[in-house]
Amino acid sequence: AQSVTQLGSHVSVSEGALVLLRCNYSSSVPPYLFWYVQYPNQGLQLLLKYTTGATLVKGINGFEAEFKKSETSFHLTKPSAHMSDAAEYFCASNNAGNMLTFGGGTRLMVKP
Amino acid sequence: DTAVSQTPKYLVTQMGNDKSIKCEQNLGHDTMYWYKQDSKKFLKIMFSYNNKELIINETVPNRFSPKSPDKAHLNLHINSLELGDSAVYFCASSAVGGYNSPLHFGNGTRLTVT
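Residues numbered from 1 in each chain as written. Chains lettered and ligands numbered in written order. Predicted model: local features only at pLDDT ≥ 70, side-chain atom pairs only at ≥ 80, totals over all residues. Heavy atoms only, no water.

Okay, the overall build of chain B next. Within chain B one finds zero helices and eleven strands. When the elements of chain B are put in sequence order from the N terminus, they spell out β-β-β-β-β-β-β-β-β-β-β. Principal-axis analysis of the C-alpha atoms gives chain B an extent of 35 × 30 × 30 Å. Relative to its 114 residues, chain B shows a buried fraction of 44%. Relative to all contacts within chain B whose residues are 6 or more apart in sequence, the contacts with residues 24 or more apart total 54%. A total of about 5700 Å² of accessible surface is found on chain B, and carbon and sulfur atoms cover 48% of it. (Helix = DSSP H or I, 4+ residues; strand = E, 2+ residues; numbered from the N terminus. Buried < 20%, exposed > 50% of the residue type's maximum accessible area, 1.4 Å probe, protein only. Contact = heavy atoms within 4.5 Å. Areas by Shrake-Rupley, 256 points an atom, 1.4 Å probe, with all protein chains shown as cover.)

Shown next as structure tokens:
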């Protein structure tokens, strides 16, 4: 069975600082990987996805993630945090058809 | 235009009641889902329908019954509500029920059972 682990349920950064949100997956085959963002009282929105090909994936709002098979990781980064980035972030994987498995989420807080 | 819309946004009810949550998508997607998000923000799939047919039914009490009258709608009916059913329920859809189809989520229905 696949699983997704997000290290750190809460991450706090200063505005302008680097954002790094960690995600590790366990899967017997390379999965498809996703990052979603959830703003308060809203549904999840897709930030980016990795399927095949280039391992560095760029998404919306300046975020990017790198698929590292050797480390079974798909960490999300952004060079410079904005106040508007404060939200809940979810990593997810899918290698079994319709079954998208989510990590536990990481709340990103941005300090002025 | 809202792509995936759910109603109601908030639902407060007493234990033992029966309630329904409606979901509609105007994206032309074939696959729709119900997810439950608990108080710790953990998301778990409940059901998945592809073109009106049930394809995933996770370990969910049979008090929960999804109904898909057509591929644009997936409603969730809950019988005999319990305190533990309190959560946010998200409807979602995807173009194809395949590996790399991203999900489009509604804004959720916050169910509170008292």
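After that view, the rundown keeps rolling.
For chain A, per-residue confidence averages 91 on the pLDDT scale, and 95% of positions sit at 70 or higher. Per-element confidence in chain A ranges from a low mean pLDDT of 90 for strand 11 (residues 101-102) of chain A to a high of 98 for strand 3 (residues 19-21) of chain A. (pLDDT = per-residue confidence, 0-100.)

This part covers the sheet that holds strand 8 (residues 73-78) of chain B. Residue and element names in this part refer to chain B. The sheet built from four strands is open, its strands ordered 1-3-8-7 with antiparallel pairing. Edge strands, defined here as strands with exactly one partner in the open sheet, are strand 1 (4-7) and strand 7 (64-70). Across the sheet, the mean angle from the axis of one strand to that of its neighbour is 20°, orientation sign disregarded. The pairing of strand 1 with strand 3 (residues 19-25) spans four bridges and is classified as antiparallel. The residue of strand 3 that forms the bridge with Ser5 is Glu24. (Pairing = 2+ DSSP bridges. Axes fitted to C-alpha atoms, helices over the stretch in contact; angles between N-to-C directions.)

This part is about the state of the cysteines. Applying the stated criterion to the full structure yields two disulfides over all chains. Between the sulfur of Cys23 of chain A and that of Cys91 of chain A lies a disulfide, 2.0 Å long from S to S. Of note, the bridge from Cys23 of chain A to Cys91 of chain A carries an S-S torsion of about -65° and is left-handed in sense. Of the two residues, Cys23 of chain A is situated in the loop between strand 3 and strand 4 (24-26) and Cys91 of chain A in strand 10 (residues 87-94); the sequence distance between them amounts to 68 residues. Each member of the pair, Cys23 of chain A together with Cys91 of chain A, is buried. Here Cys23 of chain B connects covalently by a disulfide to Cys91 of chain B, the sulfurs 1.9 Å from one another. (Disulfide = S-S within 2.5 Å.)

A separate point is the packing of aromatic side chains. Ring pairs (aromatic) are described by centroid distance and by the angle formed between their planes. Counted under the stated rule, the structure contains 14 aromatic pairs over all chains. Ring geometry for Tyr36 of chain A and Phe105 of chain B: centres 5.8 Å apart, planes at 85°, overall edge-to-face. With one member in each of two chains, Tyr36 of chain A in strand 5 (residues 32-38) and Phe105 of chain B in strand 10 (residues 104-105) form a pair that bridges those chains. Like Tyr36 of chain A, the residue Phe105 of chain B is buried in the burial classification. Ring centres of Phe63 of chain A and Tyr89 of chain A lie 5.5 Å apart, and the angle between their planes is 45°; on these two criteria the pair is classed as tilted. Placement of the pair is Phe63 of chain A in the loop between strand 7 (56-58) and strand 8 (64-68) and Tyr89 of chain A in strand 10, with a sequence separation of 26 residues. Exposure class is identical for Phe63 of chain A and Tyr89 of chain A. Each is buried. An aromatic cluster is built from Phe34, Tyr36, Phe90 and Phe102 of chain A together with Tyr33, Tyr35, Phe90 and Phe105 of chain B, whose rings are joined through pairwise contacts. (Phe/Tyr/Trp six-rings, centres within 6.5 Å; stacked < 30°, edge-to-face > 60°.)

What follows deals with the pairing of strand 6 (residues 53-57) of chain B. All names here are of chain B. In the sheet, strand 5 (residues 43-50) pairs with strand 6 via four bridges, with the strands oriented antiparallel. Counted as the bridge partner of Tyr49 is Leu54 from strand 6. Hairpin connection, strand 5 to strand 6: the antiparallel pair is bridged by two residues, and Asn51 has positive phi, about 50°.

Counting residues in hydrophobic clusters, the biggest one holds 26 residues, and the most contacted among them are Trp35, Leu48, Phe74, Leu76 and Tyr89 of chain A. Where this core is concerned, the elements lending two or more residues are strand 2 (10-14), strand 3, strand 5, strand 6 (44-50), strand 8, strand 9 (73-78), strand 10 and strand 12 (106-111) of chain A. Apart from the residues within four sequence positions on either side, Leu48 of chain A is in contact with Leu33, Phe34, Trp35, Val57, Lys58, Gly59, Phe63, Glu64, Ala65, Phe74 and Leu76 of chain A. Within the second largest apolar cluster, 20 residues are counted, among which are Trp34, Met46, Ile78 and Ala87 of chain B. (Core = buried A, V, L, I, M, F, W, Y, C linked by side-chain atoms within 4.5 Å.)

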